[in-house]
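Coordinate analysis (summary)
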Protein chains: 2
Amino acid sequence: MTKVTSHISISLDGFVAGPEQSPDNPLGIGGERLHEWAIATHEWQRQHGSGTGEASADSDVIAASVRNVGAYVMGRNMFGGGPGGWEESWRGWWGEEPPFHLPVFVLTHHERAPRQMRGDTTFHFVTGGVAEAERRAREAAGDRDVSVIGGATAIQQFLAAGRLDELQLHVVPVLLGAGERLLVNCGEPTLEPTEVVASPRVTHITYRVR
Amino acid sequence: MTKVTSHISISLDGFVAGPEQSPDNPLGIGGERLHEWAIATHEWQRQHGSGTGEASADSDVIAASVRNVGAYVMGRNMFGGGPGGWEESWRGWWGEEPPFHLPVFVLTHHERAPRQMRGDTTFHFVTGGVAEAERRAREAAGDRDVSVIGGATAIQQFLAAGRLDELQLHVVPVLLGAGERLLVNCGEPTLEPTEVVASPRVTHITYRVR
């Protein structure tokens with residue numbers, strides 16, 4: 001059965017990006033510390049065209065998070081906001097061959113034609129909010145899952161609308177002190193931990209959302 | 001070797017008590033939801049004089065958290081603050097036989113004589129801050145551990161002073177939305193997850209603190 005999932009790295013004090021995010025520094029100050037565990041893995045390196053990285057429990061978690069995905073949803077800033085970001089010529093900041101290789105539905109207020117990229121990634125622009133994004137992504141995914149990539153706002157919108165079935169948090173043992181919080185403005189979801197994977201770098205907790 | 005430890009229940013959004021804490025409602029609105037998992041366990045019930053409760057991974061975690069403790073430290077509010085809380089006649093809100101059965105060092109600004117309670121609990125009042133509390137509690141604990149019970153401020157003071165060796169968080173899958181945060185004003189500790197125990201109710205993560 002298709003489910004709508006999301007997974008995201010979060011600091012132990014609840015931030016998914018550091019303070020002072022900008023187009024030049026989308027992760028904010030210190031935000032790169034949330035992703036060091038992932039970049040160290042073999043699976044992340046493989047997805048990004050490298051043969052290096054460690055085989056590890058963390059690597060297996062990343063592999064599992066994409067294994068059954070049939071379509072992605074992302075927020076407009078993650079597609080590539082910022083000055084000039086909505087010029088017709090702008091193709092997002094994922095380059096000519098984005099690492100998705102699947103349909104990606106971008107939440108936006110701007111109607112635009114789909115953008116077909118190399119490597120089977122097509123960006124579709126959705127102006128009808130999370131309900132339309134979920135419907136179209138589920139259709140595209142068929143019997144596979146829909147993954148909401150982020151950013152925080154997109155995940156919050158899915159949680160608040162009761163449209164997320166599963167949330168996996170990669171809890172990174174750093175304190176950022178300030179930045180962008182994930183678990184605000186997301187309604188009152190009922191969360192039930194269903195799987196935990198531990199490593200020396202990060203604790204992966206999967207929650208079923210009701 | 002003696003270590004200084006602390007363990008505390010925390011909501012997934014980072015709160016150790018709900019909003020609007022008061023002497024009548026020290027856990028704040030919704031704060032009791034942080035402790036339901038513990039109260040359901042056999043070990044908690046045993047410590048509080050009952051024979052009920054569930055044997056479970058959660059119960060084992062609680063048992064382990066007290067097994068090697070030789071002395072406790074707590075903040076003044078946890079001893080029993082509030083109006084009249086520092087009258088000489090006031091003996092804290094833990095009753096005549098508190099559930100500690102060990103020396104308890106209370107951080108306070110008020111010099112007072114020790115209070116010996118039934119069941120081998122003695123409250124000692126420490127006016128020299130966390131350094132003195134740690135020194136005296138380690139002495140009393142001998143070759144056993146010192147456990148900082150709370151509240152949040154006491155744990156923050158130990159973290160900020162680099163005097164905590166281990167922090168165990170019981171991460172409860174509830175969102176309180178507001179209240180008292182734990183991981184603020186605690187300096188920049190380096191945390192390393194060393195043990196994780198998972199249950200359907202709560203995720204227990206132990207961090208080594210450097």
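For the structure itself, consult the block above.
So, here is what we can say about the structure in this document. (Residues numbered from 1 in each chain as written. Chains lettered and ligands numbered in written order. Predicted model: local features only at pLDDT ≥ 70, side-chain atom pairs only at ≥ 80, totals over all residues. Heavy atoms only, no water.)

**Some points on the sheet that holds strand S6 (residues 122–126) of chain B**
Residues and elements named next belong to chain B. Put simply, the test is: Between any two strands, at least two bridges found by DSSP are needed for them to pair. Every helix listed is a DSSP run of H or I at least four residues long, and every strand listed is a run of E at least two residues long, numbered separately from the N terminus. Contact definition: two residues touch when any of their heavy atoms are within 4.5 Å. Axis angles are defined between N-to-C directions and span 0 to 180 degrees, where every axis is a line fitted to C-alpha atoms and, for a helix, only to the segment in contact.
Across the sheet, which stays open at both edges, the nine strands sit in the order S5-S6-S4-S3-S7-S1-S8-S11-S10 with mixed pairing between neighbours. Two strands close off the open sheet at either side, each with one partner strand: strand S5 (115–116) and strand S10 (191–198). Across seven bridges, S10 lies against strand S11 (residues 203–209) in antiparallel orientation. Bridging across to S11, alanine 198 finds its partner in threonine 203. Along the sheet, helix H6 (residues 152–160) contacts strand S1 (4–11), strand S3 (69–75), strand S4 (103–107), strand S7 (145–150), strand S8 (166–172) and S11; its crossing angle with S7, the most-contacted strand, is approximately 135°.

**Details of the packing of aromatic side chains**
Residues and elements named next belong to chain B. Where we set the bar: A pair of Phe, Tyr and Trp rings is counted when the ring centres sit within 6.5 Å of each other, with Trp represented by its six-membered ring. The angle between the planes then sorts it: under 30 degrees is stacked, over 60 is edge-to-face, the rest tilted. For the exposure calls, accessible area comes from a 1.4 Å probe over protein chains only, and a residue counts as buried if that area is under 20% of its type's maximum, exposed if over 50%, partly exposed in between.
Enumeration over the complete set of coordinates arrives at ten aromatic pairs over all chains. A ring pair is formed by tyrosine 72 and phenylalanine 100, whose centres lie 5.5 Å apart and whose planes are at 55°; its orientation type is tilted. Taken together, the positions of tyrosine 72 in strand S3 and phenylalanine 100 in the loop between helix H4 (76–80) and S4 put the pair 28 residues apart, joining distant regions of the chain. Taking relative accessible area as the criterion, phenylalanine 100 reaches 10% and is therefore assigned buried. Taken together, a centroid distance of 4.8 Å and an interplanar angle of 75° make the contact between phenylalanine 79 and phenylalanine 123 edge-to-face. Separated by 44 residues along the polypeptide, phenylalanine 79 in helix H4 and phenylalanine 123 in strand S6 bring together distant segments of the chain.

**Some details on the relation of the copies chain A and chain B**
This is how the line gets drawn: When the copies are overlaid, the least-squares fit takes in C-alpha atoms only where the residue has pLDDT of at least 70 in both copies.
Between chain A and chain B, which share one sequence, the superposing operator has a rotation angle of 180° and an axial displacement of 0.0 Å; the RMSD is 0.0 Å. Such a combination of rotation and displacement between the chain copies is what one expects of a two-fold axis. Looking at the rotation axis and the C-alpha trace of chain A, the residue lying nearest is glycine 14 of chain A, at 3.4 Å.

**What about the sheet that holds strand S1 (residues 4–11) of chain A?**
All names here are of chain A. Taking strand neighbours across the sheet as the criterion, the nine strands line up as S5-S6-S4-S3-S7-S1-S8-S11-S10 in an open arrangement whose pairing is mixed. The open sheet terminates on both sides in strands that have one partner only, identified here as strand S5 (115–116) and strand S10 (191–198). Alignment of S1 against strand S7 (residues 145–150), held across three bridges, turns out to be parallel. Note on S7: the bridge partner recorded for serine 6 is valine 148. Docked against the sheet, helix H6 (residues 152–160) engages S1, strand S3 (69–74), strand S4 (103–107), S7, strand S8 (166–172) and strand S11 (203–209), running at close to 135° with respect to S7.

**Comments concerning the pairing of S4 of chain B**
Residues and elements named next belong to chain B. Summarising burial for S4: four of the five residues are buried, a large majority. Across four bridges, the pairing between S3 and S4 is parallel. Pairing of methionine 74 across the sheet is with valine 106, part of S4. With five bridges joining them, S4 and S6 adopt parallel strand pairing.

**As for the environment of glycine 53 of chain B**
Residue and element names in this part refer to chain B. Position of glycine 53 among the secondary structure elements: in the loop between helix H2 (42–47) and helix H3 (57–67). Looking at glycine 53, the relative accessible area reads 38%, which means it is partly exposed. For the pair glycine 53 and isoleucine 39, spaced 14 residues apart in sequence, the C-alpha separation works out to 7.6 Å. The contact partners of glycine 53, leaving out residues within four places of it in the chain, are Ala40, Thr41, His42 and Gln45.

**Section: the interface of chain A and chain B**
The line we're drawing: Once two parts are joined, some of their accessible surface, as seen by a 1.4 Å probe, is lost; buried area is that loss totalled over both. Salt bridges are identified by distance alone: a Lys or Arg side-chain nitrogen within 4 Å of an Asp or Glu carboxyl oxygen. Polar contacts, as counted here, are pairs of nitrogen or oxygen atoms within 3.5 Å of one another; within protein the pair requires one atom able to donate a hydrogen and one able to accept it, and residues that are adjacent in sequence qualify only if both atoms are side-chain atoms.
Taken together, the contacts link 22 residues of chain A with 22 residues of chain B. Both faces combined, the contact of chain A with chain B buries some 1,700 Å², and carbon together with sulfur accounts for 71% of it. Between chain A and chain B we count zero salt bridges in total. Counting every contact that joins chain A to chain B gives zero residue pairs in polar contact (both at pLDDT 80 or more). When contributions to the side of chain A that touches chain B are tallied by element, the ones reaching two or more residues are S8, S10 and S11 of chain A.

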